[in-house]
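So you can see what is in the structure, the chains are spelled out below.
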Amino acid sequence: VSVAQRMSGVNPGLKLVLDLVKKQTSWKDIPKDVKKRYHAQLGTQEKWERLRIPWALQLHIPHHRTMALSESRFYNRALEAFRVKLMPYPYHYQRQIINLLGITCVKYYWDLIADALMSEKSFDEVPSFTARDVVRLL
């Protein structure tokens, strides 16, 4: 199910916020009338930045220069979020992750499997797409 399909029944304020996130809109670029009308969803600049980062990660949007986090912290947070959810290596961020953090897909999967073993999870709990990529690489 796509994000658009899931969003069909959502209130217009939340749809607007997600559109702003997708367009990489900084706080200063959001029109004042929109800030005023959708204050509950947007809140303050600090709230906007706190919401914007997780939504960008969930929507697989790359780092943008207007984000409050540095590029390296953003991609570090992305890797952590993907690893916690046992998701496949984010190949769409690969260039930035390797250049900024030096973490390859092999290192990512090595850490993912080590975390799973340390928490006594079986390999069966790893989602099939992730497991297939692990077996392919390791």
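Residues numbered from 1 in each chain as written. Predicted model: local features only at pLDDT ≥ 70, side-chain atom pairs only at ≥ 80, totals over all residues. Heavy atoms only, no water.

**A word on unusual backbone geometry**
- Its identity is not glycine, yet Q24 carries a phi of approximately 60 degrees, on the positive side.
- Turning to its location among the elements, Q24 is positioned in the loop between α2 (12–22) and α3 (32–37).
- Owing to a relative accessible area of 12%, Q24 belongs among the buried residues under this scheme. (Helix = DSSP H or I, 4+ residues; strand = E, 2+ residues; numbered from the N terminus. Buried < 20%, exposed > 50% of the residue type's maximum accessible area, 1.4 Å probe, protein only.)

**Thoughts on the pattern of salt bridges**
- This model, assessed by the stated rule, comprises five salt bridges.
- Notably, a salt bridge pairs R52 with E49, separated by 3.2 Å at the nearest N-O pair. Remark: E49 and R52 occur in helix α5 (residues 45–58); sequence separation between them is three residues, near one turn of the helix. Assigned by exposure class, R52 and E49 land together as buried.
- Through salt bridges with shared partners, a single network forms among E80, R83 and D115. (Salt bridge = Lys/Arg side-chain N within 4 Å of Asp/Glu carboxyl O.)

**Section: the environment of M67**
- Structurally, the position occupied by M67 is in the loop between α5 and α6 (71–84).
- For M67 and S26, which are 41 residues apart along the polypeptide, the C-alpha to C-alpha distance reads 7.2 Å.
- If we ignore the near neighbours within four places in the chain, the residues touching M67 are Q24, E49, R52, I53, A56, P62 and F74. (Contact = heavy atoms within 4.5 Å.)

**Re a nonpolar patch on the surface**
- On the surface, V106, W110 and L138 cluster together into a nonpolar patch covering about 330 Å² of accessible area.
- Tracing the sequence through the fold places V106 in helix α8 (residues 105–118).
- Take V106: its relative accessible area is 38%, and that puts it in the partly exposed class. (Patch = residues over 30% accessible without salt bridge, like charges linked within 9 Å, V, L, I, M, F, W, Y side chains within 5 Å. Areas by Shrake-Rupley, 256 points an atom, 1.4 Å probe, with all protein chains shown as cover.)

**Topic: the nonpolar core**
- Ranked by size, the top nonpolar core spans 33 residues in total, and within it L42, W48, F74 and Y108 carry the most contacts.
- Those elements that provide at least two residues to this core are α2, α5, α6 and α8.
- When residues no more than four places from it in sequence are discounted, the contact partners of L42 are V17, L20, W27, I30, V34, K35, K47 and W48. (Core = buried A, V, L, I, M, F, W, Y, C linked by side-chain atoms within 4.5 Å.)

**Re the packing of aromatic side chains**
- Applying the stated criterion across every chain yields a total of seven aromatic pairs.
- Ring geometry for Y89 versus Y91: centroids 5.0 Å apart, planes at 70 degrees, classification edge-to-face.
- The partly exposed category is assigned to Y91, whose relative accessible area is 33%. (Phe/Tyr/Trp six-rings, centres within 6.5 Å; stacked < 30°, edge-to-face > 60°.)

**So, the side chain of E49**
- For E49, a relative accessible area of 12% translates into the label buried.
- Residue contacts for E49: discarding those within four places in its chain leaves T66, M67 and A68.

**Notes on α2**
- Listing the buried residues of α2 in full gives G13, V17, L18, L20 and V21. The buried residues of α2 all sit within an arc of 155 degrees when viewed along its axis, so they share a single face. (Arc of directions from axis to C-beta.)

This is a description of form; function is not addressed.
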